[in-house]
Amino acid sequence: MQPPTLPRTLILDYYDSYTNNLLCLFTQLYSDAEVLNKVVVIKADKYTWSEFQERVLPNIDCVILSPGPGRPDNPSDIGFGLGLLRFHPVPILGVCLGHQAIGVAFGAKIINTPRITHGHVVSVSPVIPSKGLFDSPFWQLSGKENDFEVVVYNSLTVDPSTVPNELEVTAWSVPTSDRPSTVQGLRHREHPIWGVQYHPESISSTRGSALLQSFLAKVNQFYSSPDSFPALPSKIVASCAYRVSAASKSRPSSALPTPPITPSPSRPPSQRGFRRGGLSISEKRMGDLGKQLRTQDVFESLVKQNRGSRKGKEKAIGEFWLDGQTPTRSTTTSLATPSFLLSYSLSARTVTLHRPSLPPSQLILSDATTFWDWFSAGSQSLTSSLSATSSQGFRGGWVGYFGYEMKMESLQGYKRAPRVDRSDGLVEEVDACWGWVDCLTERTSEGQWIARGVLRDEGVPLDGKNDEDDEDVSMLDWLRSHEVSLGVSQQGWEDYLESIRDVLSNPTSDHAKPASSFPTFRPNATGSDYRKRIDACREAIRQGESYELTLTTRFFSSCPPALDPYPLYLRLRTFNPAYYSTYLHFPTLITPRGKGLSVLSSSPERFLKIDKNRRVEMMPIKGTRARVKPGQCVCTPNTGCKGQDKGSEACVEEGKRVDERIGEELRLDQKERAENLMIVDLIRSDLLSCCTPSTVSVPKLIALESYGVHNLVTTVQGILAANVGSVECVRRCFPPGSMTGAPKLRSVQMLDDFESDKRRGIYSGCLGYFSIDGVSDLSVVIRTIVAEGEQLSIGAGGAITWLSDRDKEWEEVLTKVGSVVGKLDDVQ
Ligand SMILES: C=C(O[C@@H]1C=C(C(=O)O)C=C[C@H]1O)C(=O)O
Ligand SMILES: NC(=O)CC[C@H](N)C(=O)O
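Because the structure is predicted, anything quoted here is derived from the model rather than measured. (Residues numbered from 1 in each chain as written. Chains lettered and ligands numbered in written order. Predicted model: local features only at pLDDT ≥ 70, side-chain atom pairs only at ≥ 80, totals over all residues.)

## Quick look at the overall build of the protein chain
If you tally the helices and strands in the protein chain, you get 21 helices and 33 strands. The C-alpha atoms of the protein chain give 28 Å as radius of gyration, which agrees with the globular expectation for 828 residues (28 Å, within 12%). With the C-alpha coordinates of the protein chain rotated into their principal frame, the extents come out at 85 × 85 × 55 Å. Across the 828 residues that make up the protein chain, the buried fraction comes to 53%. Of the contacts formed within the protein chain by residues at least 6 apart in sequence, a portion of 80% connects residues at least 24 apart. (Helix = DSSP H or I, 4+ residues; strand = E, 2+ residues; numbered from the N terminus. Rg over C-alpha atoms; globule rule 2.2 N^0.38 Å. Buried ≥ 20, exposed ≤ 12 C-beta atoms within 10 Å, placed from the backbone. Contact = placed C-beta atoms within 7 Å.)

Here it is, written out as structure tokens:
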């Protein structure tokens, strides 16, 4: 059967509650182009009620009220939703919060659901004879069984004893021994209004597109089945939460429309920036030269001693070692010294340019611009001239991090604090820092060395680009005004190759030694404090404010002034090798905690990777268990060595068996699976804000990965829409959903209050690279030591759900920190 004709559909988004996933149900039925022209997701507070009636209603055919945090009887949570339902000028479908709103609008009461459930699969049974959306040929064709499985995310429910006569219950959940039946479907007996309590758009719900078709068929009937519906006016499309252009499925960056390169005649030549196309990528494979060398030796000679610097012996402003180590997934290693850094302070809205041997220069961004906008526009204009050369790996470009607080400028709806004027001389936080890399040395997984360079074509005139009405100077123009060059000259490249050959033939003999131990870290919050915060999280979940909150805390240690953190990294990379092991060192950066900032990361978690075909991949982790360590005896009086022959074959075998069993138990644990599923639905919704909707998929749902600890990992993919660049993609998905919980915005705001630290800093943000060819790979900053001035810190946390056990959650935090630095001090 043909799907119903697609009406102009407005999805009112009550903020980040997986709302974009509803688009996936549409693209199962219609083309991307049709969906993007006819279906819009608009934030629920984008318009006032009168604006909505005047400007929006005349141009749409139906409304979907999305799921969301909070309560439908709270005006600040539901906006004009109740008024819209009572007025019902067009057909309306309510999902979860939207469904509960239908109850409230017509007089029902909202109560706590008898068993609070988030991210679990339950069975739903439409009433017989079927009613409302379950009484449609589309529904009937979608399955023979009456009952079907869906995912629920709710703390609240419509009290069945208060459902008014105007409304009728159309479906119930199937009761189980521990979960009484609750209302799962509603319809209005006279008006075109339907609701479902469950989430038809969840990755693990069945018959979602049948439900949507039933609704759209009702909309068609309401309008007496027209041949077609008009298109949405562009003004309404433009007010979308995020705009994603309809494009062919795979569009390499080289195929992006290239704006004209002729400078605008109104600009004098001196104002010009870097010409796109003025950069190219080069590589030189070193054959077997230095194949026997350890990465550490080459890093120390090339980067730490700065022998690769084109300016000779000047003091470097950064040292980068994108290390990456796992036995199971192949990775490459990149070593580099940045030629300049751009750091950003949120509170002062100031970008600072740091160069070797020169004083820093600053630029204050206007209120209308975020660092994301500025950095994204600048990076995109560099990237769009080059097509990606390889599906992975860093080819030169940016290396650095976005700290967690950058959420202030990435999350729609998050209140941005006013700019502070720092004439008082207080030192700013470094909320983001990106170093530009022209030349780097890569070690392949086979142990060979490759030199890589971004070359500038000196014959090409420079061409800057600033929109005439842009208040802020563009990144490229600003850099040019400071005579910063991007890319090396041919001579610079040859000098770099010369220094690599020299390093690979004569590496330093003076090797650094790994630190003999980690310093002792003390928790910022006591165990009992943390447990209290877990209670506060659970209470927020009970009230329907959140489904899952990733609560975190930090552990601190002081270190002697001018401590070189490098030996600590050497220890970390062997103690807890991880796919995203990374060392970033910025000796000249100053934070409120002193001079120098270093990031020593052993993160196992991919935040976001973009390959040369613009495929974005995110791999959220949720679900963690400690592993049996090599050499640890877990034998009982009846198993293995019976506790009497530690290290014997029987003891090792038993260790392996127990370790596997722990992993398997984690994989099957319903609470952990639910935690993971919630984040998967969140990440899908994030990706749908930047990818062509039909391309978003989940190739691997809840797989076990066992490195330092056991983890449950899901893979979510999509193809980046043609109008979204790499930095913009990161911004739309930032902060990483696994570090926030869901719904994202409300959870983040609550965590701001619950966490005593008030800042997470680099922890919980992301780090990695934006390669000049558009390829990018970033980790979630977890299992990471941050050294700032005289302070070392390491953050850790875990997802709190309704089912969380206080003691086990605290134990999980200690397991995570312990996997990075071993023993801890003062832990109760
Ligand atoms: C919060 C942390 O980890 C996050 C939470 C996890 C969990 O709840 O199982 C797992 C990985 C991370 O996404 C951390 O390591 O500090
Ligand atoms: N998923 C939702 O829309 C949840 C609705 C409401 N906040 C509840 O917890 O019941």
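There's plenty left to go through after this.
## Structural notes on the site of ligand 2
The local shell around ligand 2 consists of S17, P67, G68, P69, G70, C96, L97, Y153, N154, S155, L156 and G544. Broken down by element, the residue count for the shell around ligand 2 peaks at 4 residues, all from strand β6 (residues 148–158). Its residues assigned to classes, the shell around ligand 2 comprises 6 nonpolar, 6 polar and no charged. (Near = placed C-beta within 6 Å. Nonpolar A, V, L, I, M, F, W, Y, C, P; charged D, E, K, R; others polar.)

## Considerations on the UniProt feature "domain: Glutamine amidotransferase" (unreviewed entry) in the protein chain
Annotation from UniProt places "domain: Glutamine amidotransferase" (unreviewed entry) at residues 10–218. Annotation note: span residues 10–218, helix share 28%, strand share 30%, distance between end C-alpha atoms 16 Å. (UniProt positions renumbered as here; feature names shortened; annotations may be inferred.)

## Digging into helix α14 (residues 490–505)
With 16 residues, α14 should reach 22 Å at 1.5 Å per residue; the first-to-last C-alpha distance of 23 Å fits that figure. Turning to α14, its buried residues are W493, Y496, S499, I500, V503 and L504. Viewed end-on, α14 has its buried residues packed into an arc of 130°, placing them on one side of the element. In α14, the exposed positions angled more than 90 degrees off the buried face are occupied by Q491, E498 and S505. (Expected span 1.5 Å × (residues − 1). Arc of directions from axis to C-beta.)

## Considering the UniProt feature "domain: Chorismate-utilising enzyme C-terminal" (unreviewed entry) in the protein chain
Per the UniProt entry, the sites bearing "domain: Chorismate-utilising enzyme C-terminal" (unreviewed entry) are residues 528–816 in this numbering. Along residues 528–816 one finds 32% helix and 34% strand; the C-alpha atoms at either end are 18 Å apart.

## With respect to the environment of D45
Along the chain, D45 falls in the loop between β2 (39–43) and α3 (49–56). Spatially, the C-alpha atom of D45 lies 22 Å from that of E201, the residues being 156 residues apart in sequence.

## Some points on the sheet that holds strand β7 (residues 167–173)
Across the sheet, which stays open at both edges, the 9 strands sit in the order β2-β1-β3-β4-β9-β8-β7-β5-β6 with mixed pairing between neighbours. The open sheet has two edge strands, β2 and β6, and neither has a second partner. When the angles between neighbouring strand axes are averaged without regard to direction, this sheet yields 20°. The pairing of strand β5 (residues 110–126) with β7 spans 3 bridges and is antiparallel. Residue pairing for β7: V124 is matched across the bridge by S173. (Pairing = 2+ DSSP bridges. Axes fitted to C-alpha atoms, helices over the stretch in contact; angles between N-to-C directions.)

## Topic: the site of ligand 1
Residues in contact with ligand 1 amount to 18 residues; listed here are only the nearest, T624, S738, I782, A796 and G797. Elements represented by at least two residues in the shell around ligand 1 include exactly β21 (548–558), β26 (621–626) and β33 (791–800). The biggest single contributor to the shell around ligand 1 is β33, with 5 residues. Looking at the shell around ligand 1 residue by residue, the class counts come to 6 nonpolar, 8 polar and 4 charged.

## Focus on the confidence of the model for the protein chain
Summing up the model confidence of the protein chain, the mean pLDDT is 90 and the portion of residues at 70 or higher is 92%. Counted against residues more than four places away or in other chains, residues 248–276, with its pLDDT under 50, gives 54 contacts. Under the prediction, the complex receives an ipTM of 0.97, its pTM being 0.93. (pLDDT = per-residue confidence, 0-100.)

## Looking at the nonpolar core
If you look at the biggest cluster of nonpolar residues, it comprises 218 residues, and the most contacted ones within it are Y401, L687 and C766. When residues of this core are assigned to their parent elements, the largest contribution, 8 residues, is made by helix α18 (residues 670–687). Setting aside its immediate chain neighbours within four residues, Y401 contacts A432, C433, L584, V599, I762, G765, C766, L767 and V781. (Core = buried A, V, L, I, M, F, W, Y, C linked by C-beta atoms within 7 Å.)

## Overview of unusual backbone geometry
Looking along the chain, the bond that leaves I128 and enters P129 is cis, with omega of -5°. Inspection of the secondary structure assignment puts P129 in the loop between β5 and α7 (137–141). Put simply, A742 and P743 share a cis peptide bond, and its omega is -10°. Counting through the fold element by element, P743 comes out in the loop between β29 (741–742) and α20 (744–754). Here the phi dihedral of S225 falls at roughly 45°; this positive angle occurs in a residue that is not glycine. A residue is classified by how many C-beta atoms lie within 10 Å of it, and S225, with 11 of them, is exposed. Although it is not a glycine, R349 adopts a positive phi angle of roughly 50°. Positionally, R349 belongs in the loop between β13 (340–345) and β14 (350–355).

## Remarks on the packing of helix α15 (residues 527–542) against helix α21 (residues 806–821)
The interhelical angle for the contact between α15 and α21, taken along N-to-C directions, is 120°, at an axis separation of 9 Å. Relative to α21, α15 is oriented oblique. Once α15 is placed against α21, the crossing between them reads as right-handed. Contacts between α15 and α21 involve G527, Y530, R531 and I534 from the first element and R806, E809, W810 and V813 from the second. Its residues assigned to classes, the contact of α15 with α21 comprises 4 nonpolar, 1 polar and 3 charged. (Parallel < 35°, antiparallel > 145°, perpendicular 65-115°, else oblique. Left-handed = near helix turned anticlockwise from the far one by under 90°.)

## What about helix α6 (residues 97–105)?
Across the 9 residues that make up α6, a large majority, 9, are buried. Every buried residue of α6 is listed here: L97, G98, H99, Q100, A101, I102, G103, V104 and A105. Taken from the residues just after α6, G107 is the one with a positive phi, measuring 110°.

## Section: the pairing of strand β3 (residues 62–65)
Alternating positions in β3 separate into two faces, C62 and I64 on one and V63 and L65 on the other, with burial throughout. Bridge analysis of strand β1 (residues 9–13) against β3 gives 4 bridges, and the strand direction is parallel. Of the residues in β3, the one forming a bridge with L12 is L65.

## Topic: the pairing of β26
Counting buried positions over the 6 residues of β26 gives 5, a clear majority of the element. Bridge count for β26 against strand β28 (residues 709–719) is 4 bridges, and the pairing is antiparallel. For R625, the partnering residue across the bridge sits in β28 and is H710.

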